[in-house]
Amino acid sequence: MSSSILQFAPFSSAVDASFWQTLADKKLNLYQLSDASHTIQGYYTTGHSVTDHLGQSVAMSPHLCIPDQLMDSGESMDRQAIFQSITQKMELVMKSGEALKNPASLFQFFVVTFADLKKYKFYYWFCFPAPMPTLPWTLTQPVQPIISHYTKDQIRSLSQAYHTFRSQHGANAGYFIVRQNQENFALGTLDSFDQHQESEARFADPSGLDTLPGWPLRHLLALAHSTWKINTCKVICYRETTTGSAEESLFLHTSLPKQSQDIKWVGWERNANAKLSPRMADLGPLLDPARLANASVDLNLKLMRWRVMPDLDLERIKHTRCLLLGAGTLGCYVARCLLGWGVRHITFVDSGRVSFSNPVRQPLYTFQDCLEGGALKAEAAAHHLQLIQPSVTSKGYTFTIPMPGHPSSDQQLKNDSERLSELISEHDVVFLLTDSRESRWLPTLLGAHQKKLVINAALGFDSYLVMRHGVQPSSLGCYFCNDIVAPTDSLTDRTLDQQCTVTRPGLAAVAGALAVELMVSVLQHKDGKEAAADKSNPSLLGLVPHQIRGFLADFHHLLIEGQSYNRCTACSPTVLEHYQANPDKFLQSVLEDSLYLEKITGLTEMKAESEALLDDWAEEDDF
């Protein structure tokens, strides 16, 4: 009878989408720029049985490895070198006898990947290395169903014996020996093979084709030839259906020509076009666009950490809750810069509406926001921020911050002050970005009382001030520590030029960016918000100055350190004690008479003493 060449059904990889999601997560948070190899688990099932490892129908090693998981373009990959590396290890496994004791090591695979994490496209190339003799194995008889050799009862007994064997040997149950004793079967490991006993080599066959055995048979035949020196072999291709029946298993009689000595290795998987080329999994359409945008933002920041600053704590920045008091020009630029740093929690407070002059200077607003009387600024800013970055948590609150010299009803003052205090307590960093001096007073007091990091930004026509308030026990001062005049009403009866913030258009973007960068530098300092403004003790990102005063007229800035003032009208111990004793009464007194702050802090007395001293000098000059 003429023999026919034995052909094998190659593997076709099937990668669950969750694998790529996990790979992306590990790439971002663990592997980063590393191109080292990593071990993964691979599974196949017998015949038509379609269950995963949770269903315990796995027939192959759960610790198959990747020799190289390259995170680079496929063009720069030396795939032949990778291939030779793994096949040399597999040859050694067969020659050393390790495969007899550990059959799982006989069959391995690897995959080379390139992850485009901005578009969530994954390029990958699987390889299932298998030995192929110079002259092929042949079938000495046609492929026969197992039912032609065994009865149904015998097949059922065989299936039960295999289930027992698999439960005992786990991953090593992919290859085994079968011996028949009348109606019963005894299954043994490969190292129990005895040429003098009637036995068949058997393997868990992943193929579902009627006449083609699966790819793992290549390894079993190569092992039989190299280890047991046999050229003919009876093989059972064990297969299970979805019902657990093994009646679709096959029985083979194989032979290898004696002159076939050397082997070569094959195994690269072909793509969907039957070409030796990588495949591509595009998860972009499957993912929530908001999640995709979120991952892309994180990737940009993590690239900065991977390439420049490995110790940069991005998680601390990301989870910092920022409260922006003022949703005008400064507020818009600060919010956009915070998004760039990956901050996910931004809250606005403002009492105004969007006017027609705003959109060209305040980048969170559009012309549509100006119509019908103008949208509420705080709410519109929060809404547009979420349109830019859907994953951000952003809210807008519309109310007026209580200000010295601006009386209000007891109930209104109580509502507004309590709401502001609650918002400050719920956030980690407070940005003072309002357009008047007195509107910064109460947030400064509350920030000092609650020991929050307060970042202040103020604009002139061509100058700016960006500073951080000192947090006890720091000796750094606040925005009001350099003044001997209490904040008072500066908004009433203003002229047209005084009603608008008249500044050079680019000034707010500069000051807003510096305010955010100052916050980030402080967060990366080992002392955090209590960090001193000491040039000899910088943060990971560099200096953490107290004040930055900039001048566009000659394009330079100064770094200034100001000490806290024990008569400060906002953060001095006296002011804090009066506030803690009776917040409502104290605030009502300040709103009705801003000079009240000068009285309790001793500024009124100090001014009187200074004026008396000047009078004395003037009298002396008269003589």
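Procedures and definitions
Residues numbered from 1 in each chain as written. Predicted model: local features only at pLDDT ≥ 70, side-chain atom pairs only at ≥ 80, totals over all residues. Heavy atoms only, no water. Axes fitted to C-alpha atoms, helices over the stretch in contact; angles between N-to-C directions. Helix = DSSP H or I, 4+ residues; strand = E, 2+ residues; numbered from the N terminus. Parallel < 35°, antiparallel > 145°, perpendicular 65-115°, else oblique. Contact = heavy atoms within 4.5 Å. Nonpolar A, V, L, I, M, F, W, Y, C, P; charged D, E, K, R; others polar. Pairing = 2+ DSSP bridges. Phe/Tyr/Trp six-rings, centres within 6.5 Å; stacked < 30°, edge-to-face > 60°. Lys NZ or Arg CZ within 6 Å of the ring centre and 35° of its normal. Left-handed = near helix turned anticlockwise from the far one by under 90°. Buried < 20%, exposed > 50% of the residue type's maximum accessible area, 1.4 Å probe, protein only. Salt bridge = Lys/Arg side-chain N within 4 Å of Asp/Glu carboxyl O. Right-handed = clockwise from strand over helix to strand, strands pointing away. Patch = residues over 30% accessible without salt bridge, like charges linked within 9 Å, V, L, I, M, F, W, Y side chains within 5 Å. Areas by Shrake-Rupley, 256 points an atom, 1.4 Å probe, with all protein chains shown as cover. Expected span 1.5 Å × (residues − 1).

Draft legend 1. Structural context of the packing of helix H1 (residues 17-31) against helix H6 (residues 289-307). Direction vectors running N to C along H1 and H6 enclose 30°, while the axes themselves pass 9 Å from each other. Judged by the angle between their axes, H1 and H6 are roughly parallel. Facing Gln21, Lys27, Leu28 and Asn29 of H1, the residues of H6 in contact are Arg291, Leu299, Lys302, Arg305 and Trp306. Taken together, the residues that form the contact of H1 with H6 break down as three nonpolar, two polar and four charged.

Draft legend 2. Highlighting the sheet that holds strand S13 (residues 321-325). On the basis of which strands lie adjacent, the open sheet formed by eight strands has the order S15-S14-S13-S16-S17-S18-S19-S20 and mixed pairing. Every other strand in the sheet has two partners, leaving strand S15 (393-397) and strand S20 (556-560) as the edge strands with one partner each. For this sheet, the mean inter-axis angle between neighbouring strands, taken without regard to orientation, is 15°. Relative to strand S16 (residues 429-432), S13 runs parallel, the two being bridged by four bridges. Pairing of Leu323 across the sheet is with Val430, part of S16.

Draft legend 3. Quick look at the packing of aromatic side chains. Across all of its chains, the model carries 22 aromatic pairs by this definition. When the ring of Phe110 is compared with that of Trp268, the centres are 5.3 Å apart and the planes differ by 85°; the resulting orientation is edge-to-face. Here the residue Phe110 occupies a position in strand S2 (residues 110-116), and Trp268 occupies one in strand S11 (residues 263-268), the gap between them amounting to 158 residues. An aromatic cluster is defined as three or more aromatic residues linked by ring pairs; in this entry it consists of Phe11, Phe19, Trp20, Phe107, Phe109, Tyr120, Phe122, Tyr124, Phe126 and Phe128. Taking the ring centre of Trp215 as reference, the NZ or CZ of Arg218 above it sits at 4.6 Å.

Draft legend 4. Highlighting the packing of helix H10 (residues 410-426) against helix H11 (residues 441-450). At their nearest, the axes of H10 and H11 sit 10 Å apart, and the two run at 45° to each other. Relative to H11, H10 is oriented oblique. Of the two elements, H10 crosses H11, and the hand of that crossing is right-handed. Listed contacts from H11 to Ser417, Leu420, Ser421, Ile424 and Ser425 of H10 are Leu442, Pro443, Leu446 and Gln450. Looking at the contact of H10 with H11, its residues break down into five nonpolar, four polar and no charged.

Draft legend 5. Focus on the side chain of Thr444. Structurally, Thr444 is set in helix H11. A relative accessible area of 1% places Thr444 in the buried class. In this structure Thr444 touches Leu432, His469, Cys478, Phe480 and Ala570, once residues within four positions along its chain are discounted.

Draft legend 6. Quick peek at the pattern of salt bridges. Counted under the stated rule, the structure contains 13 salt bridges. Note that Arg239 and Asp205 form a salt bridge whose closest N and O atoms lie 2.9 Å from each other. Placement of the pair is Arg239 in the loop between strand S9 (232-238) and strand S10 (250-255) and Asp205 in the loop between strand S8 (200-204) and helix H5 (217-228), with a sequence separation of 34 residues. For Lys599, the salt bridge is made with Asp593, and the minimal N-O distance between the two is 3.7 Å. Classification of Lys599 as exposed rests on a relative accessible area of 53%.

Draft legend 7. Local environment of the environment of Ile236. Within the secondary structure, Ile236 is located in strand S9. A sequence separation of 17 residues divides Ile236 from His253, and the C-alpha atoms of the two residues are 9.1 Å apart.

Draft legend 8. Focus on the pairing of strand S14 (residues 345-349). With four of five residues buried, S14 lies mostly within the body of the structure. In this fold, S13 hands off to helix H8 (residues 329-340), which returns the chain to S14; that crossover is right-handed. By the bridge criterion, five bridges tie S14 to S15 in an arrangement that is parallel. When the bridges of S15 are listed, His345 appears paired with Thr393. For the crossover that starts at S14, traverses helix H9 (residues 377-388) and ends in the parallel S15, the hand is right-handed.

Draft legend 9. A look at the pairing of S20. As paired elements, strand S19 (residues 547-551) and S20 share five bridges and run antiparallel to each other. Bridging from a neighbouring strand, Ile548 pairs with Leu559 of S20. The antiparallel hairpin formed by S19 and S20 contains four residues in its connecting segment, where Phe555 sits at a positive phi of about 50°.

Draft legend 10. Quick peek at a nonpolar patch on the surface. Taken together, the side chains of Phe356, Phe367 and Leu371 define a hydrophobic patch exposed on the protein surface, amounting to about 320 Å² of accessible area. Tracing the backbone through its elements, the reader meets Phe367 in the loop between S14 and H9.

Draft legend 11. Representation of unusual backbone geometry. Of the consecutive residues Gln472 and Pro473, the connecting peptide bond is found in the cis state with omega at 10°. Mapped onto the secondary structure, Pro473 falls in the loop between strand S18 (463-468) and helix H12 (496-499). Although it is not a glycine, Ala274 sits at a positive phi angle of roughly 65°. The topology assignment puts Ala274 in the loop between S11 and strand S12 (279-282). In this structure, Glu372 takes a positive phi of about 55° despite not being glycine. Looking at the element boundaries, Glu372 is found in the loop between S14 and H9.

Draft legend 12. Representation of H8. Here H8 spans 17 Å end to end across twelve residues, near enough to the 16 Å set by a 1.5 Å rise per residue. The element H8 is largely enclosed, with a buried count of nine among its twelve residues. Turning to H8, its buried residues number three or more, namely Thr329, Leu330, Gly331, Cys332, Val334, Ala335, Cys337, Leu338 and Leu339. One or two positions beyond H8, positive phi appears at Gly342, with a value near 85°.

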